[in-house]
Amino acid sequence: GRMAPVGKKTARARSPARREDPADGEEPAVEAIEPEELHEEARADDMDEDEDTEDAGGRKRARGTDGKANKPDFPRLKHQSGIESEYRVVPVPPHRMTPLKQHWMQLYTPIVEKLKLDVRMNPRRRCVELRTSEHTEDADVIQKAADFLKAFMLGFEPADALALLRLEDLYVESFDVTDVKLLRGDHLGRAVGRVAGKDGKTKFAIENATRTRIVLADSKVHILGSVTHIKVARDAICNLILGSPPGKVYNSMRTNASRLLQRFDAAKYLRWHQCACCWIRRAVEGSTRGQSLPTVYESWRDAAARRSRRSSRDRGLGV
């Protein structure tokens, strides 16, 4: 006779599922339902609910005979012809803004005429912006142009940085003097002075021996060259920072550089061998025709000079 308080759930005893089949004049019989029948009914209810679900495109999912959803059918993508426009931004440090304005035409000409890219200077944002155009043949050249501008921003001359556009195996490596040895104050200045040398003679000697270019910017060292040449120059600079005498460093560097350069002299020796064979062949042919040796030598020298000028013009050196 008492009512349950409002807001509280009353405990309710669970009774087994029952099915009522009343007979005539008898009380309803209690019959237990098998668990398999319950699972079949629940599965049928789930399938009815899934029929109303929609996919991401707003269409109803189609189901197979086994009850599983079929894979969505998306239209085939069309191939886009042409080169998509790419964009690069190269920041300009404050101390390189004036050199950038002075050498702008030396940077602008190869990027626009050789690489067929669009370039502009943005003084407000202090950056140089690059973009591919409809005349660009290869989209990868924009990365070359960005590396070219970054090398100039690090302090390299435009003529030296231009080698990054013409050659494939050139890179720029940068490290700090304090990465080699932790120095502070006057000790750091003396270490940088040992690398530079009097009037820059030590730096020039390292550059000429290893065929690299080096820039000393405060405590930063930037090296431009091939991988093997950069390694030789870096080892020499690290030895100078650690305190080795310049004479000893120069001798060991010259030995390593000569061994390294001998590996790359095979092509030069092959060219010399070809020239010698050509000279011998011309001398034999001239002697059979009755020509004197000086006359054959002059004709061969003129032909070699013409070939050299033609190859230099093809490489774009303008000789």
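Refer to the structure presented above.
Residues numbered from 1 in each chain as written. Predicted model: local features only at pLDDT ≥ 70, side-chain atom pairs only at ≥ 80, totals over all residues. Heavy atoms only, no water.

Novice: Can you explain the overall build of the protein? Please cite residues and give values.
Specialist: Along its length, the protein carries 13 helices and 6 strands. Each of the 319 residues in the protein was classed as buried or not, and the buried ones make up 25%. A separation of at least 24 residues holds for 50% of the contacts in the protein among residues at least 6 apart in sequence. Summed over all atoms, the accessible surface of the protein reaches about 23900 Å², with 51% contributed by carbon and sulfur. (Helix = DSSP H or I, 4+ residues; strand = E, 2+ residues; numbered from the N terminus. Buried < 20%, exposed > 50% of the residue type's maximum accessible area, 1.4 Å probe, protein only. Contact = heavy atoms within 4.5 Å. Areas by Shrake-Rupley, 256 points an atom, 1.4 Å probe, with all protein chains shown as cover.)

Novice: Please provide a residue-by-residue account of unusual backbone geometry, values included.
Specialist: A positive phi angle is found at Lys116, which is not glycine, with a value near 60°. With respect to the helices and strands, Lys116 occurs in the loop between helix H3 (104-114) and strand E2 (117-122). Residue class for Lys116 comes out partly exposed when judged on its relative accessible area of 37%. Even without glycine at this site, Asp218 takes up a positive phi of about 60°. Following the sequence through the fold, Asp218 ends up in the loop between strand E5 (213-217) and strand E6 (220-225).

Novice: Outline the packing of H3 against helix H4 (residues 141-154), listing residues and values.
Specialist: At a closest axis distance of 11 Å, the pairing of H3 and H4 adopts a crossing angle of 170°. One way to sum up the angle between H3 and H4 is to call them roughly antiparallel. Residues Gln106, Leu107, Pro110 and Ile111 of H3 form the contact with H4, whose participating residues are Ala145, Phe148, Leu149 and Phe152. (Axes fitted to C-alpha atoms, helices over the stretch in contact; angles between N-to-C directions. Parallel < 35°, antiparallel > 145°, perpendicular 65-115°, else oblique.)

Novice: Let's hear about the side chain of Arg96: which residues, and what values?
Specialist: On the secondary structure map, Arg96 appears in the loop between strand E1 (87-91) and helix H2 (97-102). For the buried Arg96, no salt bridge is present, and the opposite-charge side chain at shortest range is Glu157, 6.5 Å distant. (Lys, Arg positive; Asp, Glu negative; His and termini not counted. Salt bridge = Lys/Arg side-chain N within 4 Å of Asp/Glu carboxyl O.)

Novice: An account of the environment of Ser252 is requested, with residue identities and associated values reported.
Specialist: By secondary structure assignment, the location of Ser252 is in helix H11 (residues 246-263). Judged by relative accessible area, Ser252 falls into the partly exposed class, the value being 35%.

On their own, these measurements won't tell you what the molecule is for.
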